[in-house]
Amino acid sequence: PPSLAYQLRKFIQRNRQLAIGIIACVGLLSVGLVLAIIGLQQLASINEDLEAANAELENSKEQADNALEQAKARLERIKILQLDRALTFALGGNVERADEASKGFEEYEIGPEWREIVLGQAKFFYANNEGRDNLRKACQLNPNSYAAAIANASAGFDETLSSGQPSSIKPI
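In this report, we go over the structure that sits alongside the text.

Some details on the overall build of the protein chain
If you tally the helices and strands in the protein chain, you get six helices and zero strands. Ordered by position from the N terminus, the helices and strands of the protein chain form the series α-α-α-α-α-α. Of the contacts made within the protein chain by residues no fewer than 6 positions apart, 41% connect residues no fewer than 24 positions apart. Put simply, the protein chain shows about 12600 Å² of open surface, and 58% of that area lies on carbon and sulfur atoms.

Structure representation (structure tokens):
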């Protein structure tokens, strides 16, 4: 009996165009399969790189958030120290040094009413009642500030507050 190889040769000789078409299709499918596998491997590699980059970005974001929180906490401590320094001079009646210490309040984002409170208290303790305008201005700058209301009331100037408390703050 004729062998399989012999029969295949005879089939190809008799059906040359069909055989070329089949071989071309199988060849193209093989090339397509190889290219698809290579593409999937590259895609997997790119996905790994993206995951690593995302992890690094997330880590960097966490570090930046931590640094921001530390900076905010430090700024709050600086604000408190700056305010404490100015109030110490004010309560000691040292108008010049209280004025000098309170000039940096804007830089530390301390409300403008605090400068008026410091100056009003310093003038009140130094020259008895000369701080009235500053304390009144503090209440006008921030009508909701308990600090301004307390400073004003402690100096005996509570007529600037209609109800005896800041307008939008409800008593407990």
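Next comes the rest of the write-up.
A word on the packing of helix 1 (residues 4–14) against helix 2 (residues 16–91)
Contact pair helix 1 / helix 2: the axes reach a minimum separation of 5 Å and the direction vectors enclose 110°. Classed by the angle they form, the pair helix 1 and helix 2 counts as roughly perpendicular. Together, Phe11, Ile12, Gln13 and Arg14 of helix 1 and Arg16, Leu18 and Ala19 of helix 2 make up the contact between the two elements. Looking at the contact of helix 1 with helix 2 residue by residue, the class counts come to four nonpolar, one polar and two charged.

Conventions used here
- Residues numbered from 1 in each chain as written.
- Predicted model: local features only at pLDDT ≥ 70, side-chain atom pairs only at ≥ 80, totals over all residues.
- Heavy atoms only, no water.
- Helix = DSSP H or I, 4+ residues; strand = E, 2+ residues; numbered from the N terminus.
- Contact = heavy atoms within 4.5 Å.
- Areas by Shrake-Rupley, 256 points an atom, 1.4 Å probe, with all protein chains shown as cover.
- Axes fitted to C-alpha atoms, helices over the stretch in contact; angles between N-to-C directions.
- Parallel < 35°, antiparallel > 145°, perpendicular 65-115°, else oblique.
- Nonpolar A, V, L, I, M, F, W, Y, C, P; charged D, E, K, R; others polar.

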